[in-house]
Each structure stands twice: as structure tokens, then as C-alpha cells.
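Structure at a glance
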Amino acid sequence: MTEAAVKIEDVWKIFGPPGAVSEAMTAVKNEGIGKPEVLERFGCVVGVADASFAVPRGEIFCIMGLSGSGKSTLVRHVNRLIEPTAGRIEILGRDIAHMGEKELRAVRAKQIGMVFQHMALMPHRSVRDNVAYPLEIRGVSKSKRWAVSDHTLSLVDLQGYEDRLPKELSGGMQQRVGIARALASDPEILLMDEPFSALDPLIRLQLQDQFKALVAQLQKTTLFITHDLDEAIRIGHRIAIMKDGRIVQIGTPEDIVTNPADDYVREFVQGISKLKLVKAHSIMEPLEKFNGALDSAPRASSESDLDQLIDLSVGTDQPVVITEDGRDVGVVTKPRLLRGIQGGKE
Amino acid sequence: MTDTTVTAASQIEVDRAELDASISRFAGSNGEYYAEAFHKIHEATGVVPTSFNLAAMLLGPIWAAMRGVWGSFWGFLILEVIAWVQIGRGAWGNPGAEFLERAARQTERAAEFTERAEAARLAGEDPSRFETLAGNMARAVERNQQAAEAANAEAFSILMIGLALLLVIKLVEGFYSNVIYEKQYSRWRIDPSHVDSGVKTQRLILGILLVLAIAPLTVYKFTSASPIEMLSGFPEREVSQLVLSTDSQTIYTGVANWMDRQIDAAATAGSGAFDSITAGVRAVLDTLTLALIGTPWPVVMVVICVVAWRAAGPRVAIFTAAALAYVALLGYWEISMETVALVGAAVLICVTIGIPLGIWFGKSARAYRGAEPVLDLMQTLPAFVYLIPIIAFFGTGNPPGILATIIFGMPPVIRLTALGMRGVPDSIKEAAVAFGATRWQLLKDVEFPLALPSIMAGVNQTILMCLSMVVIISLIGGGGLGKVILEALQYAAKGPGLLGGFAILFCAMVIDRIVQGAFRRADQK
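Residues numbered from 1 in each chain as written. Chains lettered and ligands numbered in written order. Predicted model: local features only at pLDDT ≥ 70, side-chain atom pairs only at ≥ 80, totals over all residues.

What to know about the overall build of chain A
Rules: The helix and strand labels rest on DSSP assignments: H or I over at least four residues marks a helix, E over at least two residues marks a strand, and numbering proceeds from the N terminus. Using C-beta atoms placed from the backbone, we call a residue buried if 20 or more other C-beta atoms fall within 10 Å of its own, exposed if 12 or fewer do, and partly exposed for counts in between. A pair of residues counts as a contact when their C-beta atoms, built from backbone coordinates, are within 7 Å of each other.
Secondary structure assignment for chain A yields 14 helices and 14 strands. Counting only C-alpha atoms and orienting by the principal axes, one finds that chain A spans roughly 70 × 60 × 35 Å. Here chain A holds 346 residues, and the buried ones make up 43% of them. A separation of at least 24 residues holds for 67% of the contacts in chain A among residues at least 6 apart in sequence.

Structural notes on the pairing of strand S10 (residues 246-251) of chain A
Residue and element names in this part refer to chain A. For clarity, the cut-off: Strands are treated as partners if at least two bridges between them are detected by DSSP.
Relative to S10, strand S9 (residues 238-243) is paired through five bridges, and the arrangement is antiparallel. Within the sheet, the bridge partner assigned to Met242 lies in S10 and is Ile247. The hairpin turn running from S9 into S10, its antiparallel successor, is two residues long, and Asp244 in that turn takes a positive phi close to 50°.

A closer look at the interface of chain A and chain B
For clarity, the threshold we go by: When residues are grouped by polarity, Ala, Val, Leu, Ile, Met, Phe, Trp, Tyr, Cys and Pro land in nonpolar, Asp, Glu, Lys and Arg in charged, and all others, Gly among them, in polar.
Chain A puts 16 residues into the contact, and the matching count from chain B is 14 residues. Mapped by element, the contributors of at least two residues to the side of chain A that touches chain B are helix H4 (101-110) and helix H5 (127-137) of chain A. At four residues, H4 of chain A tops the list of elements feeding residues into the side of chain A that touches chain B. Partitioning the side of chain A that touches chain B into residue classes produces ten nonpolar, three polar and three charged.

Section: helix H11 (residues 263-270) of chain A
Residue and element names in this part refer to chain A. Put simply, the test is: The arc under discussion is defined with respect to the helix axis, by the directions toward the C-beta atoms.
For H11, every residue scored as buried is listed here: Val265, Phe268 and Val269. Angularly, the buried residues of H11 cover 95° about the axis, an arc narrow enough to put them on a single face. Along H11, exposed side chains directed more than 90 degrees from the buried face belong to Asp263, Glu267 and Gln270. Looking at the buried positions of H11, the neighbouring elements they touch are helix H9 (229-235), S9, S10 and helix H10 (253-258).

Section: the packing of helix H16 (residues 383-394) of chain B against helix H17 (residues 398-422) of chain B
All names here are of chain B. This is how the line gets drawn: Helix axes are fitted to C-alpha atoms over the stretch in contact, other axes to C-alpha atoms as well, and angles between N-to-C directions run from 0 to 180 degrees. Angles are sorted into four bins: roughly parallel if under 35 degrees, roughly antiparallel if over 145, roughly perpendicular if 65 to 115, and oblique for all others. Left-handed is the label given to a crossing in which the near helix is rotated counterclockwise from the far helix by less than a right angle, and right-handed is the label when the rotation is clockwise.
Between H16 and H17, whose axes approach to 10 Å, the crossing angle comes to 140°. Between H16 and H17, the angle falls in the class oblique. Remark: the crossing between H16 and H17 carries right-handed chirality. Across the interface between the two elements, Ala383, Tyr386, Leu387, Ile390, Ile391 and Phe394 of H16 pack against Pro399, Pro400, Leu403, Ala404, Ile407 and Phe408 of H17.

Some details on helix H2 (residues 31-43) of chain B
All names here are of chain B. Stated formally: The span one expects for a helix is its residue count, reduced by one, times 1.5 Å.
Taking 1.5 Å as the rise per residue, H2 with 13 residues should run 18 Å; its terminal C-alpha atoms sit 18 Å apart, in good agreement. Within the span of H2, buried status applies to Tyr34, Ala37 and Phe38. One side of H2 carries all its buried residues, which in axial view fall inside an arc of 95°. The outward face of H2, more than 90 degrees from its buried face, is lined by the exposed residues Glu32 and Glu43. Elements that come into contact with the buried residues of H2 comprise helix H1 (16-27) and helix H7 (128-190).

Looking at the environment of Ile8 of chain A
Residue and element names in this part refer to chain A. Tracing the sequence through the fold places Ile8 in strand S1 (residues 4-15). Taking the C-alpha atoms as reference points, Ile8 and Ser52, separated by 44 residues in sequence, lie 4.9 Å from one another. Those residues in contact with Ile8, other than ones at most four positions away along the chain, are Ala51, Ser52, Phe53 and Ile89.

A few points about the domain arrangement of chain B
Residues and elements named next belong to chain B. Short version of the rule: Each domain's extent was defined by an automatic or database domain assignment.
Splitting chain B by domain gives domain 1 (19-223), domain 2 (234-269) and domain 3 (270-524). Centre-to-centre, using C-alpha coordinates, domain 2 lies 39 Å away from domain 3. Across the side of domain 2 that touches domain 3, the residue classes tally to four nonpolar, one polar and no charged.

Digging into the sheet that holds strand S7 (residues 189-193) of chain A
Residues and elements named next belong to chain A. If you trace the six strands from one edge of the open sheet to the other, you get S6-S7-S8-S3-S9-S10, paired in mixed fashion. The sheet is open, and its two borders are formed by strand S6 (112-115) and S10, each paired with just one other strand. Adjacent strand axes in the sheet meet at a mean angle of 15° when their direction is disregarded. In terms of strand pairing, S6 meets S7 through four bridges, oriented parallel. Within S7, the position partnered with Met114 by the bridge is Leu191.

Given below as C-alpha cells:
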């Protein structure tokens, strides 16, 4: 495995008056008291509790949780908009906590791009100047930053809007400007703080697809925050689910849907369509279980999803045979398929 | 779902039991009576009160105090005192006394004249002169006696009016007390811990004390023919003597002299600093004056008109040209330009000091809390009051006038700058920081541009405040059109005063139109 682009180790964040925070931190570490007790005893709010994960280069890592679960707080530790109370944060192998102010600004300007829920565009600057702002901060010349800005805007399909003001654009277009701005300094890492939450469902779907393709093409390591599990599943290679500041589960979308770590996650997963998530290999039965001729049965690869299996299964009475490297490895019968759609209920 | 049965609104019965218990709890003593009375009020649909409160009628304000209905307490007390004053004037005030006294004096004089007429007749002189005088006096006596009678007859009607008034007030108290008390009950239901309820002895005592303190003295003062002098004016001289135990000075002169000495000492001690401030202000003013008056007048006029056109459009430009023509034709050109220079200097200094201060106050809540009382003081203190210390510290003339103008005109630009800074969305500031902006870049690229509309509104307000103040500074020797008005005022010269007034009006309108037009254009961008 390549070196992790973002590495978070045992990060804690407790909000409150400075003296109380350090006391609360010691108490939490030694006694393991919970969030309500910290609030009661020290008047401090636990924002992030003992979070650890590593995101390899090029991965889209979704952090999913409801409002107040600490996901936005957690992601703001990555570019040190928020200082951790305890723990270690590494960006591209460098410990961000020990950087001087100048160094930190350089990292923010060059290595990390950020997109915000409410776009946070500067209303008095044109779209082009908004996108160029990270470069302007770094002191890049005007001709260079205009060229870069126009190029990034073309990546998000906004040619022709360069000289408009943000307020003249629709919400979806504004957020594309936000994405272009985050990409302008060609950062290694993208932090996406609920970028699509404030948009219409249809626009959201479009932007999700567009974003996924763009990131795959540009190979950016992405931390993507969302409160929408559907979105996390659509976009993320891996998902971390947070509750009350704690990471409850980390896994691929399929992992999370098929193996929820606890009731909290299970409740979330319930409403999620499994059609595109559950793969043939996780519901197939051994060949021996089916006695009968399978020669005329349809065949599918072990990586095909339920959706594809249903398509195959509709036209025949026979089960679907699953193949791997050209060999038959298992079968999926109709009852098995139907249970699979339900989420593996026995 | 809960198991509540759903009843149509038209079929709902009124259940009094719980309500009555709550009213009793509110009223304390006599709970049942009030439950019944409030019941009647709740049932009533008209405006005429249906319940009568005998206790409230008899006790009036004391009932209200006892029940904690303080609004009614003051209302009842004032009304009853008015009625009692009338009754007192009618019953034992002596309205004819003055006339009778005069009549008595005149009778004496008449007798004197008759005596002298007698003496003259005895001496063999012509008594007719004294007889005429005596006759006149006798007639005057008669007139005064009639007036006294009329006054005494009037006293009776005053007494009647007083009694009628008291009766009406008592009836109002009796009929409306329960209505008012019911309103208090409704408020009590919302906020039982802060709305008075029940009967409390300490409230009763307080009410009686207040009535005793207010009613007898007032009635005495209004009805007595010659009330003791102490009641007519505060005996500050006597109190001063008592406190200082000396005849030579009062508290007032003592404090005033002390302050005189302090201010003089401070003015002497800080004269270097005050002089350099004056010099700085004078430098700004001189530059502006030179530009406006030293430059040939056609150039200045053309420049002002073009600025008006570019900033606020052709209509304002035409108005500006007309206003300038008025000012020039009436010979106010130079003095108007002096006014503009005064305002300009004041506004320049306000803005250069005010905007940085506003930015600081916008960023630091603590600094703003500290500065807020000072800003309030600057705005609320009447201008006449701080003209005096300004004279003491800075002398008279234009620069001290500008300083006074600055004190009055600076708060809006500070406040609105701070307001604008605090109104910059956190998300945009966070975005700039996330892209690596320094504090200076954050201020210059995000905070200041986003706060600019608010800052501009502040500058506009400051300009208007300075304009209104620049007339008043003529009192401390400031020049410009204010001086014209002041002179006209001193000689009650109506014509010059009005012409000068219009010149100021036009100056103010031109500046205001141009500035507002410029801001509107900036906003539309």
C-alpha cells in the first residue's frame, strides 16, 4: 500500500474554556467517561472522540453522520482550522500540528482544497477571481492565475461564466465554482464539507456523478462529508460513520450495508437499496447445493451486482451460475436473490 | 395516538372547577368572590362591566396597592387627588380672601379720604377733590366685595364639581377594578413568578405610605391660600448652609468653582498636546480651504457640477448648478466654501479615525463593550455642553469647532463599520483562511469589501451629522454660514437669516444628494 495522504491518529476535540478542557481530557482518558458526563462535570462539549483513520492517495473517503456528530469538526482538523485537543494528524507524511504559521498557510494554499456547504464564494468578486483567489493568496501573477482559473472552470463546465458575479449563478453552478476554486491550486487533498447538501435532489445527483468522474480523472485524495448515506455510497470508496463524535464503523459501502457494526448503522442502512451494492459473490451458494442441469442456465461474473442478476434471472426458471476466471464457482437461486435484495435476511 | 376523545368545538362545555381553583390561588384572600367576579367577566360579551368591587371603590388606590395592581394604584391615586383638591378648594380654601383683603384696605383709604375732606372743609378749603377720591374708593370697595362674593359662590360650585368628580372616579374604580384585576390574572398565568398575586401586607403598607406622602401635601399646597414657602421651591440655599455650615458659598458655587480650577489646570498642563491637535486640524482645514477658495471660483463650480453628474446623474447635477448659482448670486460663495471646507475637514478626520476604530470594535467584542458607553455619550450629550470644555482646552475659532463637530459626527461611522465587520459571514472568512489567507489578506480581501456597504452608510450618516453641527460651532467662533445665521439671530434680522438658512440647506442637500447617489451607484454594481 502506498503512503497515506491523510492520517488521523487518536484525535480528540473537546470544546470549552481552556482550563476545563485539559481537565476533561485527562478525565476522559483515565476514566473513559462519556459525552453527557463531560458536559455535566466540566461544561465541555466533546466534538470528536478518539478518531483514527488513514486515507491512501486517490481514495474518496466519505465521513457520514447526522448533524452534531462531529464530522465537520473532524474534517477541519485536517487543515487545522480547528486545533485538536489530543492526537496526531499527518498530511502527506508531515505532522501538521508542529508546523509554524507560515508553513501551515503554505500547506493550506498548495496541498489542500476545501469546498463548503454554503459555497462561501466572495460576492464582490467575479467567478474567475473567486476561483483564482487561492492563487492570489500565494502571490501568483495575474495572467497565470487567470489562465489557471479559466482552465479549472472548464473542468466543471462553466466556460462562459468567468466574468459573472456569483449571485448571478444558480446554486448548483455556484457550488461548481466552489469546486473549481478548490481545484485551482492543484491540491493533493480535497476536503468537501457537505458540498451538495443545500442543492436540489436532481442537481445533487448530477454533481455527484460529475464530481466522481472528475476526481477519478484528477486522482485527488478526497475527504467527503455528508449526512446522506445514499450520497456516501454513491461517491465513496470507503465510508466512516460517525455518531456523537466517535467513528462507529469504517468500511466499503458493501461492508457497511451488508455488515452494519451496530444497531445505529443498521437503522441507517435499512432504507438503502442494495441493488448496486451487493455483489454476486456475497450471496452465492456452492454449486453442490443445486442438483440439476445448469448447462442452459445464465452466467454472470462474481463481481456482478443484484441488479444485473435480476436482469438475467427474469428470463429463465433456472438459477444464475456465477463464474470466476471462466470457472463456475457458485449459483444464485431465486429465493437467494430475493433475500439478497432484502439485505441478506435469513 | 392518545386516547382522548375528540369533541366538536360547538359541543364543548365550560368546566369552571379548575379555573376557579386557579383564580382563588391567584387572588389569595377573598378567592371565591374573585372567582365569581372573573366568571362574570369571562361570560360577558359586551363592553359594559358586569361586576362591582365594593372594596376597590371604598379603598381606591389602597385596594390596588394591596392587590399589587400598581398601574391602577397610580391612576386611582392621581384621579382621587385631583378630586380632593377640588373639594378642598371649594370647602375650606378661601377664594374670595384676596378681594376682601383689598376691599378692607380700600375701605380704610376711603375713610382716610373722607377724613381729609372733612378736615379741608373745616379749614375752609375746597373738599371736592377728596370727596371724589373717597367716592371712587367706595365704588372700588363695592366692586371687590362683589368679586369676593362671586368667588365664594364659585367656591360652592367647585366643591360640587369636586364631589361629583370623586363620585364618578369611585364608580369607575368599583366597576373597572375587577376587569383590570382579571387582566393581571391572565398575565399571572403566563408568568406567575413575576406578576404580583394575592394580598401582601408589605404592599399594603407601601401603598398607604405612598398615599400619605402624596395626597395630604398636594391637597394642602393647592387649597391653602398661603402655603408655607418650603413647598413652593427646593430650599437649596438653606440645605447648602446646613451641609457646608457657611454663608459664603452654596454647594453649587463650590462644585462649579472646583471644576473651573480643575479644567484650567488640565488645560495648562496639557497645552502642548492640545495645541498640536489644534495645529493638525488647522492644517487639514487650511488645505481644504485653499483648494475650495484659493482655486478660481469657475473651476470649483465646474468641478462640483461634474462630480455631481458623474456620481449621481444629470438631475442632481442640474440641482447642484442651481444651488451653486443661488449661493454665488447672493454673495455667499466664499463663506459657503468655508462651510464645505469645515464639513470636509471634520468628515475626513472622522473617517480616518472612525473606520480603523470600527474595524477594531468589530473584531473585538470586549473593546466594543468598553467603547459603547463613550459612543452613546458622544451622541446623546447636547452639543452645547461639550462646547464649553472645548473652549477651555482648545480655545475658539474654526479648529475647535471642527473638533466639536468630530465628537458629534464620529459615532455613526464607528458603529456602522463595526456592524458591517460583524456581519461578514463566518463561512466566507473560514474559506479564505482555509485557502491560506493571512490576517491582513483576510481583512483586505474579505472583511473590508463585504463590510463596505455598511461602512459607506456610516460615512453618509457622519457627513449629515457634521453638516448639522457645523452651524452650531459658530457659537464658539466657527466661521462659515453658521456665523451668518448667528449674526442674523442676534439682531433678529429676518431677511438675512432666511437667505443664509437656505444657503446652508442647499449646501447640505447638494452634499447629501451627491454622496447618496454615489453610494447607490456603488451598490448597484
